[in-house]
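# Chain and residue survey
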Amino acid sequence: MFITFKKWTALYLITLLALFAIFAAILWQGSAVNASKNLELAQNPALVVIIDPGHGGFDPGAVASDGTAESRINLEIGLQMEEIARLVGVKTDMTRREDVSTESDSSAAVRQRKNSDLKNRVDHVNGVSGGVLVSLHQNSLPQVPGVHGAQVFYSEAEGSRELAESVQAALNTTVNDRAKEIKAAGGGVYLLKNATIPAVLVECGFLSNGEETALLNTQAHQNRLALTVLASVLNHLDGVQ
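Quantities reported herein were computed from a predicted structural model and do not represent experimental measurements.

## Here's the deal with the packing of aromatic side chains
Per the counting criterion, the structure on display carries zero aromatic pairs. Seen from the ring of Phe58, Arg113 lies directly overhead, with NZ or CZ sitting 4.0 Å from the centre.

Below, the structure is given as structure tokens:
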């Protein structure tokens, strides 16, 4: 991590400090008592924030007109979430840390590989004790290229809707220029349908929107997303303890 810090420019360090101010405002909003509770939460060994960067490997997910692959953006945001979580003492678990898929048999047909990848992610997620799942994705709606913004979907597992509301509210404040509403994932999202823990899926932006794609490719915006999502998850979990 410290090797990474040495590579940052002075300008980026200033940007990061500004983003940490956002993080602090979201995470430690309210009284000093609430701040103390959040610090206790961060040190709670039972809590594990599971970060799932969607797609990967043979499956790039959505691809922007400039060639930006969803899988790469998902991973970059996820790795930054993990790094920030470590800074504040929060335990994390990731379904992948490289540009790979998690399927069991890479020689199988594409559909079988995708099904295997999703099943393995579900098994991974449900096998983590004390876990809360945040799955990271990018949206795409080529027929309406002007659409943009981050939106949160939630599973049917207990506590998921409330978690989604907290994350969406934070995204509406720090990222979106127009507020978006949360949506139930229903049965269309295999991972959320089968996760037995509180689970949300964050569509961080639209790769079908050229301006937002350019923004998603910047480290500053990726950090803003990572900070906002992580802080809002921790703030929500503190409130339900």
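Having put the structure on the table, let's press on.
## Notes on helix α5 (residues 110–126)
Three- or four-residue spacings in an α-helix give side chains the same orientation, since the helix completes a turn every 3.6 residues. With 17 residues, α5 ought to run about 24 Å at 1.5 Å a step, and its terminal C-alpha atoms sit 24 Å apart, in line with that. Buried residues along α5 sit against β1 (48–53), β3 (131–139) and α7 (190–194).

## Topic: the environment of Ser160
Its place among the elements puts Ser160 in helix α6 (residues 160–174). Separated by 40 residues in sequence, Ser160 and Val200 have C-alpha atoms that sit 6.3 Å apart. With sequence-adjacent residues up to four places away left out, Ser160 is seen in contact with Tyr154, Ser155, Ile197, Pro198, Ala199 and Val200. A distance of 2.8 Å separates the side chain of Ser160 from the side chain of Ser155, its partner in a polar contact. Within the structure, Ser160 has its side chain in polar contact with the backbone nitrogen of Ala199 (distance 2.9 Å).

## Thoughts on the confidence of the model for the protein chain
This prediction gives the protein chain a mean pLDDT of 86; 80% of its residues lie at or above 70. Contacts for the low-pLDDT stretch residues 1–15, under 50 throughout, to residues beyond four places or in other chains number twelve contacts. This stretch, residues 27–42, has a pLDDT under 50; its non-local contacts, to residues over four places away or in other chains, come to 24 contacts.

## Thoughts on the side chain of Ser155
Of note, Ser155 is situated in the loop between β4 (151–154) and α6. Using a relative accessible area of 5% as the deciding quantity, one classes Ser155 as buried. Engagement of the side chain of Ser155 in a polar contact is seen with the backbone nitrogen of Ala157, the distance being 3.2 Å. Apart from the residues lying within four places of it in its own chain, the contact partners of Ser155 are Ser160, Leu192, Ile197 and Ala199.

## Examining the sheet that holds β3
Here we have six strands laid out as an open sheet, ordered β2-β1-β3-β6-β4-β5, and mixed in their pairing. The open sheet has two edge strands with one neighbour each: β2 (92–94) and β5 (183–184). Bridge analysis of β4 against β5 gives two bridges, and the strand direction is parallel. Paired with Tyr154 across the bridge in β5 is Ala184. Packing against the sheet, helix α4 (residues 70–87) makes contact with β1, β2, β3 and β6 (199–206), and its axis sits at approximately 145° to β3. Against the sheet, α6 engages β3, β4 and β6, with an angle of about 175° to β4.

## Overview of the nonpolar core
Grouped together as the largest cluster of nonpolar side chains are 37 residues, with contacts concentrated most on Val134, Leu136, Val152, Val167, Leu171, Val202 and Val229. For this core, the secondary-structure elements that each account for two or more residues are β1, α4, β3, β4, α6, β6 and α9 (219–239). Counting residues per element, this core draws most heavily on α9, which supplies eight residues. Ignoring anything within four residues of it in the chain, the contact list for Val152 reads Ala164, Val167, Gln168, Leu171, Glu181, Ile182, Lys183, Val200, Leu201 and Val202. Ranked by size, the runner-up nonpolar core spans 14 residues in total, among them Val48, Val128, Leu191 and Ala199.

## Things to note about unusual backbone geometry
Most peptide bonds adopt trans geometry, and most residues besides glycine take a negative phi value. For His55, which is not glycine, the phi torsion reads 65° and is therefore positive. Tracing the chain through its elements places His55 in the loop between β1 and α4.

Criteria and cut-off values
Residues numbered from 1 in each chain as written. Predicted model: local features only at pLDDT ≥ 70, side-chain atom pairs only at ≥ 80, totals over all residues. Heavy atoms only, no water. Phe/Tyr/Trp six-rings, centres within 6.5 Å; stacked < 30°, edge-to-face > 60°. Lys NZ or Arg CZ within 6 Å of the ring centre and 35° of its normal. Helix = DSSP H or I, 4+ residues; strand = E, 2+ residues; numbered from the N terminus. Expected span 1.5 Å × (residues − 1). Contact = heavy atoms within 4.5 Å. Polar contact = N/O pair within 3.5 Å; in protein donor to acceptor, adjacent residues only side chain to side chain. pLDDT = per-residue confidence, 0-100. Buried < 20%, exposed > 50% of the residue type's maximum accessible area, 1.4 Å probe, protein only. Pairing = 2+ DSSP bridges. Axes fitted to C-alpha atoms, helices over the stretch in contact; angles between N-to-C directions. Core = buried A, V, L, I, M, F, W, Y, C linked by side-chain atoms within 4.5 Å.

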